[in-house]
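Chain and residue survey
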Amino acid sequence: MPFIPHTEEEVQEMLAAIGAASIDDLFDEIPASLRLSQLDAIPSALSEMEIDHLMNKRALQDGQPVCFLGAGAYDHHIPAAVWQITTRGEYYTAYTPYQAEASQGTLQLLYEFQSMMVALTGMDVSNASLYDGASALAEAVLMAVRANRKSKSKRILMPRTVHPAYRRVVRNIVKNQQIELVELPFDPQGGHTDPAVLEQYQGEDFAALVIPQPNFFGVLEEVDALTDWAHANGALAIGVVNPLALALLNPPGEWGGQGADICCGEGQPLGAPLSSGGPYFGFLCCKQAQVRQMPGRIIGRTEDLDGKVGYTLTLQAREQHIRRSKATSNICTNQGLMVTAATIHMALLGSEGLERAAAACFGNTRKLVDALGAIPGVTPLFDRPAFHERVLRLPAQAASVLRSLAAHNVLGGLDLSRDYPELGEAILVCATEKRTGDEIAAYAEKLARVIQLQGGVTCGLVPKE
Amino acid sequence: MLIYEQSKTGRYAPAQSPLDKADVSGLPEQFRRKRSAALPEVSEMQAVRHYTRLSRKNFSIDTQFYPLGSCTMKYNPRACNSLASLPGLVSRHPEAPESHSQGFMACMYELQEMLREVTGMQAVSLSPAAGAQGEFAGVAMIRAYHEARGDSARCEILAPDAAHGTNPATAVMCGYKVREIPTGPDGDVDLEALKAVVGPQTAGIMLTNPSTLGVFDRKIEAIAKTVHEAGGLLYYDGANLNAILGKVRPGAMGFDVIHMNLHKTFSTPHGGGGPGAGPVGVSERLIPYLPVPMVTREDDQYRWLTEQECPESIGRLTAFAGNAGVLLRAYIYARMLGREGMPRVAEFSTLNANYMLKQLQAVGFQAAYPQRRATHEFIITLKKQAKELGVNTMDFAKRLLDYGFHAPTTYFPLLVPECLLIEPTETEDKATLDGFIDAMGRILEEAKEDPEMVKGAPYSLPVKRLDDVKAARELDLAWRPGAH
Amino acid sequence: MSNVPNDLKYAKSHEWVRDEEDGTVFVGITEHAQELLGDLVFVELPEVGDTVDAGSECAVVESVKAASDVYSPVSGEVIAINEALADAPETVNQDAFGDGWLFQVKLSAPAELDDLLDADAYSEVMESEEH
């Protein structure tokens, strides 16, 4: 039986020491009516060789299509060293660093992570991760409601340019606490949140305004104007950002006159493979004034009995294991291993490497949009600057086009018709630093052919201008 | 030394990013960073050496015995990692079409089915990202259920005083008030106290069984009946599922919703604090509310069930499908255990725990519930030693580190003063357990002969005992250029 | 056994009250309370001008191992807070009944003082908690 080391002899010795006749006797406090006889529906055990065979078959089944799909999960280069080091047993099988003296490896690494996130975001403090970007945004909203003492309203302004899944997750997590999400429309021309739409809310009580950068469409928002409006109106500014984009873009800590108060986002671009959507990690940063409202683990630097520098979990009194029903969050396990990878990733790339990667994403997406936009009927939407994603309108049904492309082993993009029906037959495309000129050319060629075959077929919805 | 302190201006790892720097003049100035982010500037060799060295300062299951109660620190099979990392699996985009996802989805579907079977529930969703999120999903489903029935009077969640902190924290996140039920002196929940507080305001009760006290609550069927009769639902915190895997099913105990901790029972890696996975299982009446997405099978095709197909779902709790890579590792582990291996997990973890309990009592330690069987874990209390010798649980824990053992869980549950919650798991051999017991015996002697020495432990680690008061008073949470 | 000054009044939740006899009182936490908490790392106080109600949470005292709510023993308006605690929370540990005071309240219902415990009654509360 796998992984259990006991010999029959040892079992007998142990039972003798306990004073029990059989292992079964050790379960005698459990009512007989509850005891299971056997598990019929579970398949029989497989050896490692057999499961190896099965998993290889399954992995090959899904192919490895060329990825022009982003929408919150990005295909980036991850240096080989990142996961070779991260899967060392000392990191992979370590526990949460509650016994600090026995966990200085993880703790120092997490302190370095916090330092790097502070540098990247321009904020004062970072925590040691949450589950993912969407749930991090939910925690940021909860935090803003707690931290904004002046606001009594529990109302949050949420632009439609925030990732639709994020908005859904936030709603699902905060709705039982009477927090209201007020939706802001996006500008059909620019694909951004025009600060002018906030005028109707002037003088009303909001706990916070959420500001994405870049937004779900890849478009860059007017972050300074939005941040300043929030502050002038007594609301906190919550930035939702792509950490790789921050290598090029102005960070939330420097938005507007005072900087964003809280910023969060998805850390996947920093060293986490696509892996069907997880595990990723959410990051959360804030200004010094809000540090005690921040959920999740935080590592602090201190000294030991001899005055030597060491690292430890701190501010634990806010967390569930101590504060219980009054905790800042119920979170316990976070995404430690992913943060380990992200830290090594950031150290390997450094600012120079991240800037080059980000610049390549920017450049490749432009090339992609130029190539695809040259196809008759394919129209890039939104005339504002974008980071590494763009929306394209197609002269054929988006779902059907994407299906055909997939059959040619290309993931062409995300169909936007479900979440943004007003855009018509539109897709969101992305080209990271990994996409080569050949791949882009091949995509354009295939798309042209698919459109020619399906061309002119729309779904009946007339796109509004 | 921090990675920052090894930086040299202008240094980086050229092989790891595009060799040509793309033109970003198309990005207007107003959006651009004014200064580069202050990240480390080191060579690839430096980074590799630094993080490799750091790893060697950690205790880990791969290097030490780690009997942390309630954490289930069992061996993490290497195949789970290598097979979950196969290129075809690790490169799959979450939004890839079903046509290119059948292999992955087959694994998810089969995992759903295995978890369903082993817990005795009617349906399973794999999506919650960890135990606490599983708890959130569970309590949110209870809420959705009562709201759908138009029963808005139910505003309270009950939890034992010994419950893990995530339980009351979760209840509050879901808009409930928490009411604590006391535990009796024999470790079972006080049934009379429970009966006195259930009523039309009771939305449900959150229980762990075996409980956080390391014992099986023998009154579970009566508790279930009491709460159900009052119209409330039963939530099962699966943190201790390892003790009963394949032997008892939470579904049979009367639970309406359960969460499992795959990073405990199904041996996915603890990773220095996650990622975990907290799938939930439900009884018939809660099926409509399960979090999405889930996988279903139609003929021979696997399909996704999303908000579209499940309109009454409590929705999704992360952007995609939860910690998919963790779920794959759990699937591989579950296939390697099979129907034969699962009950043996419960049998041998229980054998190991009972053996340790007896042996520790033999060398002079006091069990918190001496008249009870250990389940897969048990509590000893050092109250006597703290009082008589001035050496407390924290001191014992730190001294154990010097003996090369990670300390058990300390000071949880809060109910038992000066406690150690010890869980060996089934993958440890007798010699390792004997080594631990021997060390505990020695530390007891040291505590009698030289208490000050024990109070100053640890001595053999990269640092001595750390000043956590200083850490909290003088917050230093990030390195800054020029700061140190 | 911790010090329990006779000239103060107490609440069961381990707060003390010093009657200034001018319609205001000073409030703090007892020596027993600070002993249970351990070294304080942070004190979160109400704001001057806040209204407090007897029995409601109005402050938080945080140590490494706990973050405890402080319940106002009396109702009224907060007219002063001990700002020195922001930089030196350990003052509460060192001088719980003196320099470690938390806030001052202008009473809205002076009769509430009669409901509080005297030193003997509070000593009994402390003893009954001892296990």
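Calculation rules
- Residues numbered from 1 in each chain as written.
- Chains lettered and ligands numbered in written order.
- Predicted model: local features only at pLDDT ≥ 70, side-chain atom pairs only at ≥ 80, totals over all residues.
- Helix = DSSP H or I, 4+ residues; strand = E, 2+ residues; numbered from the N terminus.
- Rg over C-alpha atoms; globule rule 2.2 N^0.38 Å.
- Buried ≥ 20, exposed ≤ 12 C-beta atoms within 10 Å, placed from the backbone.
- Contact = placed C-beta atoms within 7 Å.
- Nonpolar A, V, L, I, M, F, W, Y, C, P; charged D, E, K, R; others polar.
- Pairing = 2+ DSSP bridges.
- Axes fitted to C-alpha atoms, helices over the stretch in contact; angles between N-to-C directions.
- Parallel < 35°, antiparallel > 145°, perpendicular 65-115°, else oblique.
- Core = buried A, V, L, I, M, F, W, Y, C linked by C-beta atoms within 7 Å.

1. Notes on the overall build of chain B
Assigned secondary structure in chain B consists of 14 helices and 13 strands. Computed over C-alpha atoms, the radius of gyration of chain B comes to 25 Å, within 12% of the 23 Å expected from 2.2 N^0.38 for 484 residues, which places it in the range of a compact globule. If you line up chain B on its principal axes, its C-alpha atoms span 75 × 70 × 45 Å. Expressed as a percentage of the 484 residues in chain B, the buried residues total 61%. A separation threshold of at least 6 residues defines the contact pool for chain B, and within that pool the share at least 24 residues apart is 74%.

2. Some remarks on the interface of chain C and chain A
Counting from both sides, the interface comprises five residues of chain C and, opposite them, four residues of chain A. Classifying every residue of the side of chain C that touches chain A by side-chain character gives two nonpolar, one polar and two charged.

3. Thoughts on the sheet that holds strand S11 (residues 379-380) of chain A
All names here are of chain A. Ordered by their spatial adjacency, four strands build an open sheet running S11-S12-S15-S14, and the pairing between neighbours is antiparallel. Only two strands of the sheet have a single neighbouring strand rather than two, namely S11 and strand S14 (414-415). Where S11 meets strand S12 (residues 389-393), two bridges bridge the pair, whose relative direction is antiparallel. Within S12, the position partnered with Pro 380 by the bridge is Leu 392. Running over the sheet, helix H10 (residues 336-373) touches S11, S12 and strand S15 (426-430) and is turned about 10 degrees from S12.

4. Considering unusual backbone geometry
Across the junction of Gln213(A) and Pro214(A), the peptide omega takes the value -10 degrees, indicating a cis bond. You can see Pro214(A) is positioned in the loop between strand S5 (208-213) and helix H8 (223-232). The omega angle of the peptide bond from Asn209(B) to Pro210(B) is 5 degrees, so this bond is cis rather than trans. Along the chain, Pro210(B) falls in the loop between strand S4 (202-207) and helix H8 (220-229). Although it is not a glycine, Lys154(A) sits at a positive phi angle of roughly 60 degrees. By the element assignment, Lys154(A) lies in the loop between helix H6 (133-147) and strand S3 (155-159). Here Lys154(A) falls in the partly exposed class, since 18 other C-beta atoms lie within 10 Å of it. Within the chain, Glu21(C) stands out as a residue other than glycine whose phi angle is a positive 60 degrees. Checked against the element boundaries, Glu21(C) lands in the loop between strand S2 (15-19) and strand S3 (24-29).

5. Focus on the sheet that holds strand S12 (residues 409-410) of chain B
Residues and elements named next belong to chain B. In space, the four strands of this open sheet follow the order S10-S11-S13-S12, with antiparallel pairing throughout. Lying at the two open borders of the sheet, with one neighbouring strand each, are strand S10 (366-367) and S12. The pairing of S10 with strand S11 (residues 378-381) spans two bridges and is antiparallel. Note that in S11 the partner of Ala 367 across the bridge is Ile 380. Taken strand by strand, helix H9 (residues 324-362) contacts S10, S11 and strand S13 (419-422), and its axis lies near 15 degrees from that of S11.

6. Quick word on the interface of chain A and chain B
Tallying the contact residues gives 160 residues for chain A and 171 residues for chain B. Here the side of chain A that touches chain B takes 20 residues from H10(A), the largest share from any one element. Considering only residue class, the side of chain A that touches chain B consists of 85 nonpolar, 50 polar and 25 charged.

7. Examining the packing of helix H2 (residues 48-61) of chain A against helix H4 (residues 102-119) of chain B
As a packed pair, H2(A) and H4(B) sit with axes 6 Å apart at the nearest point and diverge in direction by 135 degrees. Judged by the inter-axis angle, H2(A) sits oblique to H4(B). Within the contact between the two elements, H2(A) uses Arg58(A), Ala59(A) and Gln61(A) and H4(B) uses Gln102(B), Gly103(B), Ala106(B) and Cys107(B). Residue composition of the contact of H2(A) with H4(B), grouped by class: three nonpolar, three polar and one charged.

8. Brief notes about the nonpolar core
In this structure, Phe68(A), Val141(A), Ala144(A), Ala208(A), Ile238(A), Met141(B) and Tyr235(B) are the most contacted members of the largest nonpolar core, which totals 364 residues. Val141(A) has contacts with Ile156(A), Val170(A), Val174(A), Ile179(A) and Ala208(A), leaving out every residue within four places of it along the chain.

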